[in-house]
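Read off the chains here:
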Amino acid sequence: MIQSAMLPLFTRRLVLRRFTMADVEAFLAYRNDPDVARYQSWEGCTRTEAERFIRDQQSQEPGEPGQWSQIAIALKEEGALLGDCALRVHTPDVRQATIGFTLAQANQGQGFATEALTCLLDYLFQQKRLHRVVVDTDSLNVPSWTLLERLGMRREGHLRHSLWFKGQWADEYLYAILAEEWLVKRE
C-alpha cells in the first residue's frame, strides 16, 4: 500500500481512510445490498472482486486527476467500515472534482454521510484549493439530494432521461458548490 498525502482525514466520529483487507466483509455486505445498490452503477460484487477492488484502491493515490478513488468511511474508535466516498479530480481542469457517497443501510440516517462529506469538502476546498465540486444523483434518490442541499450544494440541472440505467431511462440532478460558497458557509 502506498502512503497517501491526503489520507487519513478525521472528524469527531469518523476517519476517512484507505480501504484495508479487514474491510472486505463489511464492503461485501453493503455492495451486495439491493437497497444500497439501487441508485449505484453496480449491482453487487464477489469476494474476489472486492479483494481486487481494495488492492487497486491501496495502490493509487486518492485525488489523482482523471481517476475515480474510493475512500473508506469508518468509525474513528472502532475502525468499523460504514461506507465510502468517491472522488474524481477532473482533467484537464484539476481545480474541479466530482464526488459521491455510499453508506451501508444500517449506517444511514445517523449523520455519518453529512460528517464524511463535510470533511471531504473541507479538505478539497481548504487544502487542495479546488474551485468547484459537483455531484450527480438520480432524481428519485431523495435522501441523497436532500443531503446535498443540506450541505449547501445548489441544484444546477435536471437532466431528463439522460441515462440508460438498470433497464430504464433515469433523470439526474446535478449539484455543485464553489469554494467561496463553502468557505463562507464554514465560517
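Look above for the structure.
Residues numbered from 1 in each chain as written. Predicted model: local features only at pLDDT ≥ 70, side-chain atom pairs only at ≥ 80, totals over all residues. Heavy atoms only, no water.

Along the chain, glutamine 57 falls in helix 3 (residues 47–58). The residues touching glutamine 57, leaving out its near neighbours within four places in the chain, are Arg18, Trp68, Ser69 and Gln70. (Helix = DSSP H or I, 4+ residues; strand = E, 2+ residues; numbered from the N terminus. Contact = heavy atoms within 4.5 Å.)

A word on unusual backbone geometry. Looking along the chain, the bond that leaves leucine 7 and enters proline 8 is cis, with omega of 5°. Tracing the backbone shows proline 8 in the segment before strand 1 (9–10). Following threonine 91, the chain continues into proline 92 via a peptide bond in cis, with omega recorded as 5°. Residue position: proline 92 is located in the loop between strand 4 (81–89) and strand 5 (96–103).

Strands sit in the order 1-2-3-4-5-6-8-7 across an open sheet of 8 strands; the sheet is mixed. Every interior strand has two partners, whereas the edge strands, strand 1 and strand 7 (154–165), have only one. Running at roughly 155° to strand 6 (residues 132–138), helix 5 (residues 142–150) makes contact with strand 5, strand 6, strand 7 and strand 8 (168–178) of the sheet. (Pairing = 2+ DSSP bridges. Axes fitted to C-alpha atoms, helices over the stretch in contact; angles between N-to-C directions.)

Before going further, it helps to spend a moment on helix 3. Counted at 1.5 Å a residue, the expected span for helix 3 with its 12 residues is 16 Å, and the 16 Å between its end C-alpha atoms agrees. Considered for burial, the residues of helix 3 that qualify are Ala50, Phe53, Ile54, Gln57 and Gln58. Taken end-on, helix 3 shows its buried residues confined to a sector of 130°, consistent with a single buried face. Looking at the buried positions of helix 3, the neighbouring elements they touch are helix 1 (24–31) and strand 3 (69–75). (Expected span 1.5 Å × (residues − 1). Buried < 20%, exposed > 50% of the residue type's maximum accessible area, 1.4 Å probe, protein only. Arc of directions from axis to C-beta.)

Everything listed here is a matter of geometry and, on its own, says nothing about what the molecule does.
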